[in-house]
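# Descriptive structure summary
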Amino acid sequence: MPFPMIRELRKAHLDWITGPAPTNEKDAYMAERENRRGNRRDREEQAPEFADRLVAINRVSKTVKGGKRFGFAALVVVGDQKGRVGFGKGKAKEVPEAIRKATEQAKRKMIRVPLREGRTLHHDMEGRHGAGKVVMRTAPTGTGIIAGGPMRAVFEMLGVQDVVAKSIGSQNPYNMIRATLDGLSKESSPRSVAQRRGKKVADILPKREDTPQESGQVAEEA
């Protein structure tokens, strides 16, 4: 067999094993781009940015001509534990698929909440949604998260460490989470208030320098 024919056969066999090499610059560019995409996906899977918490999962059914079709509905809360949180709901025939849909929806509907010292709320607030009503109050260091199940999931994913909350309305987890996020969306930090009023942050915050002196004077008089 002539030597050129052997070389062509070897090249064809190598292409069959490893795939044909890029024939032009466009093919080389597309191959490099696909490689970068794969590396980026691997990095995202290795280091996820958000944490998620499954709040509730229910079995649902749909009545059709031949009978009933059963599925699952999942409620998931997602946050970065640094001031961003969101919730989502998903429905599918299998539980993992329902959770995946809910997680993706939660990541698209996230809100940012300013935190005082990165651990608690700036002020007390109330939130409402339908028949759901929640009350949230700031708390000193070491208090922890004093809240019910769905509300606790929201605060943990938000990154709050000290808070006192109470639900005094509907106990439906969907309404409780919506009411909690409604109240958190109304929160305003001293910096945003000062910027809105055209003042300095020091002018907005209460002055507490006189309180120790007054308490000392009262003790001396007693």
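Read on for an overview of the structure. It should be emphasised that the depicted structure is a prediction, and the values quoted were computed from it without experimental measurement. (Residues numbered from 1 in each chain as written. Predicted model: local features only at pLDDT ≥ 70, side-chain atom pairs only at ≥ 80, totals over all residues. Heavy atoms only, no water.)

## Some remarks on the overall build of the protein chain
Put simply, the rule is: Counting from the N terminus, the helices are DSSP H or I runs at least four residues long and the strands are E runs at least two residues long. Exposure classes here rest on a 1.4 Å probe applied to the protein chains alone. A residue is buried below 20% of its type maximum, exposed above 50%, and partly exposed in between. Calculation of accessible area relied on Shrake-Rupley with a 1.4 Å probe; when residues are assessed, cover is drawn exclusively from the protein chains displayed.
Within the protein chain one finds eight helices and eight strands. By the burial criterion, 30% of the 222 residues in the protein chain qualify as buried. Roughly 15600 Å² of accessible area belongs to the protein chain as shown, and the carbon and sulfur atoms make up 50% of that amount.

## Some details on the packing of aromatic side chains
For clarity, the threshold we go by: Each Phe, Tyr or Trp ring (for Trp, its six-membered ring) is paired with any other whose centre lies within 6.5 Å, and the angle between the two planes then decides the class: stacked below 30 degrees, edge-to-face above 60, tilted in between. Criterion for a charge above a ring: Arg CZ or Lys NZ at most 6 Å from the ring centre, at most 35 degrees from the ring normal.
Across all of its chains, the model carries zero aromatic pairs by this definition. The side chain of lysine 109 reaches across the aromatic face of phenylalanine 87, ending 4.8 Å from its centre.

## Topic: the pairing of strand β8 (residues 163–167)
Note the cut-off: When DSSP finds two or more bridges between two strands, those strands count as paired. By convention, a crossover is right-handed whenever its connection, traced from the first strand over the helix to the second and viewed with the strands pointing away, goes clockwise.
Side-chain alternation along β8 places Val163, Ala165 and Ser167 on a buried face and Val164 and Lys166 on a face that remains uncovered. In terms of strand pairing, strand β6 (residues 132–138) meets β8 through five bridges, oriented antiparallel. Considered in β8, the bridge of valine 135 is made with lysine 166. Where strand β7 (residues 145–146) lies against β8, two bridges are found, and the strand directions are parallel. When the bridges of β8 are listed, isoleucine 146 appears paired with valine 164. Crossover handedness for the path β7 to helix α4 (residues 149–158) to β8: left-handed.

## Section: the sheet that holds strand β1 (residues 51–64)
By way of backbone hydrogen bonds, the strands of a sheet pair with one another, either parallel or antiparallel. Going by this rule: The criterion used for residue contact is that any of the two residues' heavy atoms lie within 4.5 Å. Angles shown run from 0 to 180 degrees and are taken between the N-to-C directions of axes, each axis being a line fitted to C-alpha atoms and, for helices, limited to the stretch in contact.
The strand order across the open sheet built from four strands is β1-β2-β3-β4, with neighbouring strands paired in antiparallel fashion. Every interior strand has two partners, whereas the edge strands, β1 and β4 (111–112), have only one. The pairing of strand β2 (residues 67–79) with strand β3 (residues 84–92) spans eight bridges and is antiparallel. Counterpart to glycine 79 in the pairing with β3 is valine 85. Strands in contact with helix α3 (residues 95–108) are β1, β2 and β3; relative to β3, the strand with the most contacts, it is inclined by about 145°.

## Side note on the nonpolar core
Selection rule: Take the buried residues of types Ala, Val, Leu, Ile, Met, Phe, Trp, Tyr and Cys, join any two whose side-chain atoms come within 4.5 Å, and each joined set is a nonpolar core.
Among the nonpolar cores identified, the biggest contains 28 residues, and Met136, Met151, Phe155 and Leu184 are the most heavily contacted of them. Of all elements in the fold, only β2, β3, β6, α4, β8 and α5 (173–185) reach the threshold of two or more residues within this core. Here this core gets six residues from one element, more than from any other, and that element is α5. Filtering out sequence-adjacent residues up to four positions away, leucine 184 remains in contact with Val113, Leu121, Met125, Met136, Val154, Phe155 and Leu158. In this structure, Phe50, Val76, Ala102 and Met110 belong to the second largest nonpolar core, which totals six residues.

## As for the sheet that holds strand β5 (residues 125–129)
Pairing is mixed in the open sheet, where four strands are placed in the order β5-β6-β8-β7. Of all the strands in the sheet, just β5 and β7 have a single pairing partner and so form its edges. Both β5 and β6 contribute to a ladder of five bridges, which runs antiparallel. Paired with glycine 127 across the strands is valine 134, a residue of β6. The strands touched by α4 within the sheet are β6, β7 and β8, with β8 carrying the most contacts at an inclination of about 150°. The strands touched by α5 within the sheet are β5, β6 and β8, with β5 carrying the most contacts at an inclination of about 135°.

## Things to note about the side chain of histidine 122
Test applied: Within 3.5 Å is the distance limit for a polar contact, defined as a pair of N or O atoms, with the added protein rule that one can donate a hydrogen and the other accept it, and that residues adjacent in sequence qualify only through two side-chain atoms.
The residue histidine 122 is located in the loop between β4 and β5 in this model. Separated by 3.5 Å, the side chain of histidine 122 and the backbone oxygen of leucine 115 make a polar contact. In contact with histidine 122, other than residues within four places in its own chain, are Pro114, Leu115, Arg116, Thr138, Glu187, Ser188, Ser189 and Pro190.

## Some points on the environment of methionine 157
Position of methionine 157 relative to the elements: it lies in helix α4. Here methionine 157 falls in the buried class, since its relative accessible area comes to 1%. In this structure, methionine 157 is in contact with Ala51, Asp52, Arg53, Val77, Val78, Gly79, Asp80, Gln81, Arg84 and Val85, ignoring residues within four places of it in sequence.

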